[in-house]
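# Summary of the model geometry
These are the residues of each chain, in order.
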Amino acid sequence: MVIQPNSAFSWKKSSYSGGNGACVEIAVPATEAVAVRDSKDPDGPRLTFDNAAWSTFVAEVGAGTYDLA
C-alpha cells in the first residue's frame with residue numbers, strides 16, 4: 001500500500017511524546033496496514049507496515065530491544 005503525502009488520515013501522536021521534536025505519528029488507513037510518519041515533516045515520506053510487522057515492532061520496543069543504553 002502506498003500512502004500519498006497529502007492523504008487525509010487521522011494521524012495520532014503517542015501520549016508519551018515529550019514535545020522534544022523526535023516524535024512519530026501513526027494512522028490506520030486500512031484494516032491491514034499501519035502508516036508511520038515523522039511529526040516534524042507531515043508532508044514527507046511515510047512508511048507502511050502490515051499488522052504482523054507492526055505488532056512485532058511494538059512488542060520489541062516494549063521489551064527494550066531498541067534501547068540505546
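Before reading further, recall that the structure is shown in the block above.
Structure report, in brief.

Rules used throughout
- Residues numbered from 1 in each chain as written.
- Predicted model: local features only at pLDDT ≥ 70, side-chain atom pairs only at ≥ 80, totals over all residues.
- Heavy atoms only, no water.
- Helix = DSSP H or I, 4+ residues; strand = E, 2+ residues; numbered from the N terminus.
- Contact = heavy atoms within 4.5 Å.
- Areas by Shrake-Rupley, 256 points an atom, 1.4 Å probe, with all protein chains shown as cover.
- Salt bridge = Lys/Arg side-chain N within 4 Å of Asp/Glu carboxyl O.
- Buried < 20%, exposed > 50% of the residue type's maximum accessible area, 1.4 Å probe, protein only.
- Lys, Arg positive; Asp, Glu negative; His and termini not counted.
- Polar contact = N/O pair within 3.5 Å; in protein donor to acceptor, adjacent residues only side chain to side chain.
- Pairing = 2+ DSSP bridges.

Next up on the list: the overall build of the protein. A count of helices and strands for the protein gives one helix and four strands. In the protein, the order of α-helices and β-strands from amino to carboxyl end is β-β-β-β-α. Pairs at least 24 apart in sequence give 27% of the contacts found in the protein among residues at least 6 apart. For the protein, the accessible area works out to roughly 5000 Å², and carbon and sulfur atoms hold 57% of it.

Under the counting rule described, the total for this entry stands at two salt bridges. Among the salt bridges present, the one from Arg37 reaches Glu25, with a minimum N-O distance of 2.7 Å. In this pair, Arg37 is assigned in strand β3 (residues 33–38) and Glu25 in strand β2 (residues 24–30), connecting sequence segments twelve residues apart. The burial state of Arg37 is the same as that of Glu25; both residues are buried. Put simply, Asp38 and Lys40 hold a salt bridge, and the shortest N to O gap is 3.2 Å. Overall, Asp38 belongs to the partly exposed group, its relative accessible area being 29%.

Before going further, it helps to spend a moment on the side chain of Arg46. One can find Arg46 in strand β4 (residues 46–50). In this structure, Arg46 is buried with no salt-bridge partner, the nearest side chain bearing the opposite charge being Asp43 at 5.0 Å. Engagement of the side chain of Arg46 in a polar contact is seen with the backbone oxygen of Pro42, the distance being 2.6 Å. In this structure the side chain of Arg46 is engaged in a polar contact, spanning 3.4 Å, whose partner is the backbone oxygen of Gly44.

With five of its six residues buried, β3 lies for the most part within the structure. Bridging between β2 and β3 involves five bridges; their strand directions are antiparallel. Across the sheet, the residue bridging to Glu25 is Arg37, located in β3. Counting the residues between successive antiparallel strands, the hairpin from β2 to β3 contains two residues. Sheet topology note: the β3/β4 ladder contains five bridges and is antiparallel. By the bridge assignment, Arg37 is partnered in β4 with Arg46.

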